Amino acid sequence: MIKLTETVLNGLALGSVYALIALGFVVIFKASGVMNFAHGSLLLFGGYVTARLHDAIGFIPAVLVGAALAAALAGLVQLLATRGLRGAEIHTLTILTIGVDVLLSTELNRQVGADYLTMGDPWGADVTRLGSITVADARIAGIVVAVIVIGAFFAAFRWSRWGLSMRSAAADPEAAALMGIRLDRVRLIAWCVAGALAALAAVFLAAFPAPGLDRTTSQIALSAFPAAILGGMDSAVGALIGSLVIGLTAAMAAGYQNELSILGAGFSDVAPYLVMVLVLLVRPTGLFGSKELTRV
Amino acid sequence: MSPPETEAETEAGTLRVSDLHVSYGRSVQALHGVSLTVPQGRIVAVLGSNGAGKSTLLRAVSGTLALHRGTVERGTVHFDGVRLSGDAARSVAAGVVQVPEGRRIFGALSVEDNLRAGFLGSARRSRAELRAARERVFAQFPVLAERRRQAAGLMSGGEQQMLAMGRALMAAPRLLLLDEPSLGLAPLMVQRIAEIIHEINAQGTSILLVEQNAAMALELSDRASVLDVGQVRLEGSSADLAAADEVRRLYLGETYETGCASDANGDAAYATAASAPSVTGPGLTELGRWNG
């Protein structure tokens, strides 16, 4: 029972970090129709900036600068796509993000090398004991920050001018343009928001009990892809639920790997994809996806 | 006669399209030198069949050509003496707002959010102004107030057309562009939409009305142009056009022989359309499509 509670808490912590990544992924897809395959390296970039700066300027400013620079870089990718390749097909832009990913991850791998970079977070390796349950402080912090940030995101999505512009533009870009909504601006902000969320996720992916930020962190971020797809790709709520499902699945598969050893070591890496496939078999559009996923 | 006006005065609130050439891609020329004027406070109709260039003309005015990969090759669009350069947000800010063909409301959003979206492009920002704009629209369309929390996609076609018009009115346009507002609506609802267009105009908004329903358009409008393969074929006062043989034959579903004596009266146009099924001749097949 203790183990189950701990595993569920770990799963929720992992799921809320995935949610930060998956939300950004979905926001970009909703706004511009592009699947951003550079999301993992954007995340690594934000984390790298934080890791390099925290000694000099402190943890929280470093996180903010990391998020700001990741947002700027994401915005730059979007500007490159719309200004440089004006009128290009959405598929072309999706391929472009793969190119951006290759460039970014190559350079970041060179910078990071074989090291584990610490984030300088205040939680370190501390744990909190509630009765006989032990949870890493960094994970609790991850859940709290994710709940606040995601809450703010949904509030903005529901009530702010940007949120309404975003939902209108996603529903019907031409009709939104006729209302005077600037599609380029909505897309640019969407990319920036997604970049900032990814940088924030990097901090918690690299925090205890992970050994730190290294070049595989961007691959861990890939687990957020099945979360977004599971949720339906164009639904923010779906991305949130999908992330929690994937987080719990991964934590369960890792926590009970001895019991699951018949499936082979490393099953927890595969489990999210397995869940995704099973859900898509029953609901081909994902949990909350719109029926028609092709965009004009 | 009023004293001679300066040029600035005559341009106030006037839409002036001059010698507009528009093409899609490299090869498809959609407009060949179209000129058209909508004076302040007037209703001007543009008639024409499918592919005549009506929607292209509206796109050039509302600044959405680029979304369809269309470009203005020659000619200009001016509103209120200011050149509209093909940027949709600028057209809206200048007071030119289009209600798109097929309504294109945001179906998954609530009626209220649709109206809020219509307010996004206007220069006004405050909550009080938003509320005032919404109250005006609710006064014009009480049904929208009743359904404000409902998902817009669940409303009937006529109600959706009202929402599309209400959404455009949220930006307080000085010129409203209407693209086929009667499309796919039952005859009674077409009559209701026509009344609403008349009311909106009576409150001081100029209207450029693009229609295939020529009877409705000619009844409502002061002047009209007939577009054909990207050129203005006929232009004149709506009463004159309603009486013109060519228009009657091509757009009102009549043969030369069955002309009605009181053409100048707008009601006659409606009566003609209503009695048209008994008329034989080349116009009949087209009429079926308009009423469809």
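These numbers were taken from a predicted model, which means no experiment stands behind them. (Residues numbered from 1 in each chain as written. Chains lettered and ligands numbered in written order. Predicted model: local features only at pLDDT ≥ 70, side-chain atom pairs only at ≥ 80, totals over all residues.)

1. With respect to the overall build of chain B
Condition: Secondary structure elements follow DSSP: runs of H or I no shorter than four residues count as helices, runs of E no shorter than two count as strands, and numbering proceeds from the N terminus. The exposure label follows from counting other C-beta atoms within 10 Å of a residue's C-beta, where the C-beta atoms are placed from the backbone and the thresholds are 20 or more for buried and 12 or fewer for exposed, leaving partly exposed in between. It is the C-beta atoms, placed from the backbone, that decide contacts: two residues are in contact if theirs lie within 7 Å.
Scanning chain B for helices and strands turns up 13 helices and ten strands. By the burial criterion, 48% of the 292 residues in chain B qualify as buried. Once local pairs closer than 6 in sequence are excluded, the contacts in chain B between residues at least 24 apart make up 67%.

2. Notes on the domain arrangement of chain B
By a widespread convention, an interface's size corresponds to the accessible area lost as its parts come together. Residue and element names in this part refer to chain B. Keep this limit in mind: Where each domain starts and ends comes from a domain assignment, either automatic or drawn from a database.
For chain B, the assigned domains read domain 1 (7-95 + 176-238) and domain 2 (104-172). Computed over C-alpha atoms only, the centres of domain 1 and domain 2 are separated by 23 Å. Taken residue by residue, the interface counts twelve residues in domain 1 and nine residues in domain 2. If one sorts the elements of the side of domain 1 that touches domain 2 by residue count, helix 8 (residues 187-202) sits on top with five residues.

3. Digging into the packing of helix 1 (residues 2-32) of chain A against helix 5 (residues 137-159) of chain A
Residue and element names in this part refer to chain A. The condition is simple: Under this scheme, a helix contributes an axis fitted over its contacting stretch, all axes are lines through C-alpha atoms, and angles between N-to-C directions fall in the 0 to 180 degree range. What makes a crossing left-handed is the near helix being turned counterclockwise from the far one by less than a right angle; a clockwise turn instead makes it right-handed. Any residue that is not Ala, Val, Leu, Ile, Met, Phe, Trp, Tyr, Cys, Pro, Asp, Glu, Lys or Arg is counted as polar, Gly included; the first ten are nonpolar and the last four charged.
Running from N to C, helix 1 and helix 5 cross one another at 40°; their axes reach a closest spacing of 9 Å. As helix 1 runs across helix 5, the sense of the crossing is left-handed. Across from Asn 10, Leu 12, Ala 13, Ser 16, Val 17, Ala 19, Leu 20 and Leu 23 in helix 1, the residues of helix 5 making contact are Arg 139, Gly 142, Ile 143, Ala 146, Val 147, Val 149, Ile 150 and Phe 153. Each residue belonging to the contact of helix 1 with helix 5 can be placed in one class, and the counts come to twelve nonpolar, three polar and one charged.

4. Regarding the packing of helix 10 (residues 224-231) of chain A against helix 11 (residues 236-255) of chain A
Residues and elements named next belong to chain A. Rule in force here: Oblique is the label for every angle not falling under 35 degrees (roughly parallel), over 145 degrees (roughly antiparallel), or within 65 to 115 degrees (roughly perpendicular).
It is the contact of helix 10 with helix 11, at a shortest axis distance of 7 Å, that shows an interaxial angle of 130°. One finds that helix 10 runs oblique with respect to helix 11. Classified by chirality, the crossing of helix 11 by helix 10 is right-handed. Between helix 10 and helix 11, the contacting residues are Ala 224, Pro 226, Ala 227, Ala 228, Leu 230 and Gly 231 on the first element and Gly 238, Ala 239, Ile 241, Gly 242, Ser 243, Val 245 and Ile 246 on the second. Grouping the constituent residues of the contact of helix 10 with helix 11 by class yields nine nonpolar, four polar and no charged.

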